[in-house]
Amino acid sequence: MNQTKVEAWIYFFLGLSCFLIPGGVAVFIAYDRGISFLPVFMFAGIVVWGGLFWLFPFICGKLSKGKKKVSFDERDQLIHKKAVMVAYIVLWLYFVAVSVIAWCIVGPYGSISVNVMPLTLLGGLVIFNVVQGLATLIQYGWGGKGEKS
Amino acid sequence: MNRYQKLAWFNLIVITASIIITTTAIAIEIHIRGYSTIGWWFFVAILALLKFKPFMFKKPQGQDKVVCDERDTLIVKRASSFVYTTFWIVFILLCFLLFILIGPKNSIPTITLPLMAVGGALFLQIVVSVAILVQYGRGGNGEKS
């Protein structure tokens, strides 16, 4: 299993659990008891954690630099590009779906809390990471031929 | 000028024309008889021209006709990648700006969300068209199709 595949698994499982579970709990608390310190703190933590998560590839790159090994070739680059593109397309579809669904549920003359906007962003972040990880894993396939690094 | 450049110019012209004509129509209407939704129908009607792109700029038919080469494919891919990255940044800015400007205890009309989606789609079209035209540059060497 090469470095990109490991990253994809980490994005998929750790990212999903770290974003989705605290995010879901925070939404539930905010919905049940209203906006208070706890859900806001959880959202802030998720955003900070998500920001740190984006540093993960750079840290991995720095750590493996001294080993003088090839860990990323043209095929990996192509897979990464395709996965990011798929994630962006799904993100765009998610954004359109959220807009239309909220409009349909509440009605054209209703109003929604502005807190929905950061929540939408949070959902977008989760979906982006999950889809990118999933697309990477699907492209590599189940086999592991020539992917050792 | 090849097919992609023509499509990019067409997108930019239609979107710019629809914004200018709609703004003018709404301004005149407000001045004469007050606001109504007719101006927005102008907007939708002009934007509907974008749907005629496949009929207006047909792909060359026949075995000896070349639709696009590797360079064109690379330019379109890079433009798509750039536009989605830009959209992600704008999406984050929009969400946080609304939250910060309006305040966490206030609410927004639901029509804001579909408008954001439509605005986002137009933004994507504009940025991808500009990115394609910028990458092709001002010259037209070898870009005839």
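Rules and cut-offs
- Residues numbered from 1 in each chain as written.
- Chains lettered and ligands numbered in written order.
- Predicted model: local features only at pLDDT ≥ 70, side-chain atom pairs only at ≥ 80, totals over all residues.
- Heavy atoms only, no water.
- Helix = DSSP H or I, 4+ residues; strand = E, 2+ residues; numbered from the N terminus.
- Rg over C-alpha atoms; globule rule 2.2 N^0.38 Å.
- Buried < 20%, exposed > 50% of the residue type's maximum accessible area, 1.4 Å probe, protein only.
- Contact = heavy atoms within 4.5 Å.
- Buried area = accessible area lost by both parts, 1.4 Å probe.
- Salt bridge = Lys/Arg side-chain N within 4 Å of Asp/Glu carboxyl O.
- Polar contact = N/O pair within 3.5 Å; in protein donor to acceptor, adjacent residues only side chain to side chain.
- Nonpolar A, V, L, I, M, F, W, Y, C, P; charged D, E, K, R; others polar.
- Core = buried A, V, L, I, M, F, W, Y, C linked by side-chain atoms within 4.5 Å.
- Patch = residues over 30% accessible without salt bridge, like charges linked within 9 Å, V, L, I, M, F, W, Y side chains within 5 Å.
- Areas by Shrake-Rupley, 256 points an atom, 1.4 Å probe, with all protein chains shown as cover.
- Expected span 1.5 Å × (residues − 1).
- Lys, Arg positive; Asp, Glu negative; His and termini not counted.
- Charge placed at Lys NZ, Arg CZ, Asp CG, Glu CD.
- Axes fitted to C-alpha atoms, helices over the stretch in contact; angles between N-to-C directions.
- Parallel < 35°, antiparallel > 145°, perpendicular 65-115°, else oblique.
- Left-handed = near helix turned anticlockwise from the far one by under 90°.

## Quick look at the overall build of chain B
Turning to step 1, where the next piece is worked out: Scanning chain B from terminus to terminus reveals five helices and one strand.
Turning to step 2, where the next piece is worked out: Of the regular secondary structure in chain B, the N- to C-terminal order runs α-α-α-α-β-α.
Turning to step 3, where the next piece is worked out: A compact globule built from 145 residues would reach a C-alpha radius of gyration of about 15 Å, whereas chain B, at 19 Å, exceeds it by more than 25%.
Turning to step 4, where the next piece is worked out: A principal-axis box enclosing the C-alpha atoms of chain B has dimensions of 60 × 35 × 25 Å.

## Thoughts on the overall build of chain A
Turning to step 1, where the next piece is worked out: A count of helices and strands for chain A gives five helices and one strand.
Turning to step 2, where the next piece is worked out: When the elements of chain A are put in sequence order from the N terminus, they spell out α-α-α-α-β-α.
Turning to step 3, where the next piece is worked out: Across the 149 residues of chain A, 38% fall into the buried class.
Turning to step 4, where the next piece is worked out: Considering only intrachain contacts with a sequence separation of at least 6, the fraction spanning at least 24 residues in chain A is 84%.

## Some points on the interface of chain B and chain A
Turning to step 1, where the next piece is worked out: Counting from both sides, the interface comprises 29 residues of chain B and, opposite them, 27 residues of chain A.
Turning to step 2, where the next piece is worked out: Between chain B and chain A lies a buried interface of about 2,600 Å² when both sides are counted; carbon and sulfur atoms form 81% of it.
Turning to step 3, where the next piece is worked out: Of all residues in chain B, Tyr84(B), Trp88(B) and Thr110(B) bury the most surface against chain A, accounting for 28% of the area lost on that side.
Turning to step 4, where the next piece is worked out: Across the contact surface, chain B and chain A share zero salt bridges.
Turning to step 5, where the next piece is worked out: Run the count over chain B and chain A and you get five residue pairs in polar contact (both at pLDDT 80 or more).
Turning to step 6, where the next piece is worked out: Where the side of chain B that touches chain A is concerned, the elements lending two or more residues are helix 4 (70-102), strand 1 (107-109) and helix 5 (112-136) of chain B.
Turning to step 7, where the next piece is worked out: Here the side of chain B that touches chain A is built from residues that sort into 20 nonpolar, eight polar and one charged.

## Some remarks on the nonpolar core
Turning to step 1, where the next piece is worked out: Within the largest apolar cluster, 45 residues are counted, with the highest numbers of intra-cluster contacts made by Tyr88(A), Leu91(A), Phe95(A), Met117(A), Phe87(B), Phe91(B) and Ile132(B).
Turning to step 2, where the next piece is worked out: Put simply, the parts of the chain that give this core at least two residues each are helix 1 (3-33), helix 2 (37-53), helix 4 (74-106) and helix 5 (116-140) of chain A together with helix 1 (3-33), helix 4 and helix 5 of chain B.
Turning to step 3, where the next piece is worked out: Excluding residues that lie within four positions of it along the chain, Leu91(A) makes contacts with Gly124(A), Phe128(A), Phe87(B), Trp88(B) and Phe91(B).
Turning to step 4, where the next piece is worked out: Leu7(B), Phe10(B), Ile15(B) and Leu47(B) belong to the second largest nonpolar core, which has 10 residues in total.

## What about a nonpolar patch on the surface?
All names here are of chain B.
Turning to step 1, where the next piece is worked out: On the surface, a cluster of nonpolar side chains totalling about 430 Å² of accessible area is made up of Leu49, Phe52, Phe55 and Met56.
Turning to step 2, where the next piece is worked out: Looking at where Met56 falls in the secondary structure, it is placed in helix 3 (residues 53-56).
Turning to step 3, where the next piece is worked out: Residue Met56 is classed as partly exposed on the basis of its relative accessible area, which comes to 48%.

## Considering the side chain of Thr120(A)
Turning to step 1, where the next piece is worked out: Mapped onto the elements of the fold, Thr120(A) is located in helix 5.
Turning to step 2, where the next piece is worked out: A polar contact is formed between the side chain of Thr120(A) and the backbone oxygen of Val116(A), at a distance of 2.6 Å.
Turning to step 3, where the next piece is worked out: In contact with Thr120(A), other than residues within four places in its own chain, are Tyr94(A), Val98(A) and Phe91(B).

## Thoughts on helix 1 of chain B
Every α-helix carries 3.6 residues per turn, so stepping three or four residues along brings you back to the same face.
Residues and elements named next belong to chain B.
Turning to step 1, where the next piece is worked out: Between its first and last C-alpha, helix 1 extends 44 Å over 31 residues, near the 45 Å set by a 1.5 Å rise per residue.
Turning to step 2, where the next piece is worked out: One side-chain oxygen at the N-terminal end of helix 1 lies 3.3 Å from the backbone nitrogen of Tyr4; it belongs to Asn2.
Turning to step 3, where the next piece is worked out: Looking one or two residues beyond helix 1, the residue adopting positive phi is Gly34, at roughly 95°.

## Overview of a positive patch on the surface
Turning to step 1, where the next piece is worked out: A contiguous patch of positive charge on the surface is contributed by Lys81(A), Lys82(A), Lys77(B) and Arg78(B).
Turning to step 2, where the next piece is worked out: Listing elements by their share of the positive patch, those giving two or more residues are helix 4 of chain A together with helix 4 of chain B.
Turning to step 3, where the next piece is worked out: Here Lys81(A) lies in helix 4.
Turning to step 4, where the next piece is worked out: Taking relative accessible area as the criterion, Lys81(A) reaches 53% and is therefore assigned exposed.

## A short note on the packing of helix 4 of chain A against helix 4 of chain B
Turning to step 1, where the next piece is worked out: It is the contact of helix 4 of chain A with helix 4 of chain B, at a shortest axis distance of 10 Å, that shows an interaxial angle of 45°. Taken together, the axes of helix 4 of chain A and helix 4 of chain B lie oblique to each other. As helix 4 of chain A packs across helix 4 of chain B, the resulting crossing turns out to be left-handed. Note on element contacts: helix 4 of chain B touches helix 4 of chain A through Lys77(B), Ser80(B), Ser81(B), Tyr84(B), Thr85(B), Phe87(B), Trp88(B) and Phe91(B), opposite Met85(A), Tyr88(A), Ile89(A), Leu91(A), Trp92(A) and Phe95(A).
Turning to step 2, where the next piece is worked out: Across the contact of helix 4 of chain A with helix 4 of chain B, the residue classes break down as 10 nonpolar, three polar and one charged.

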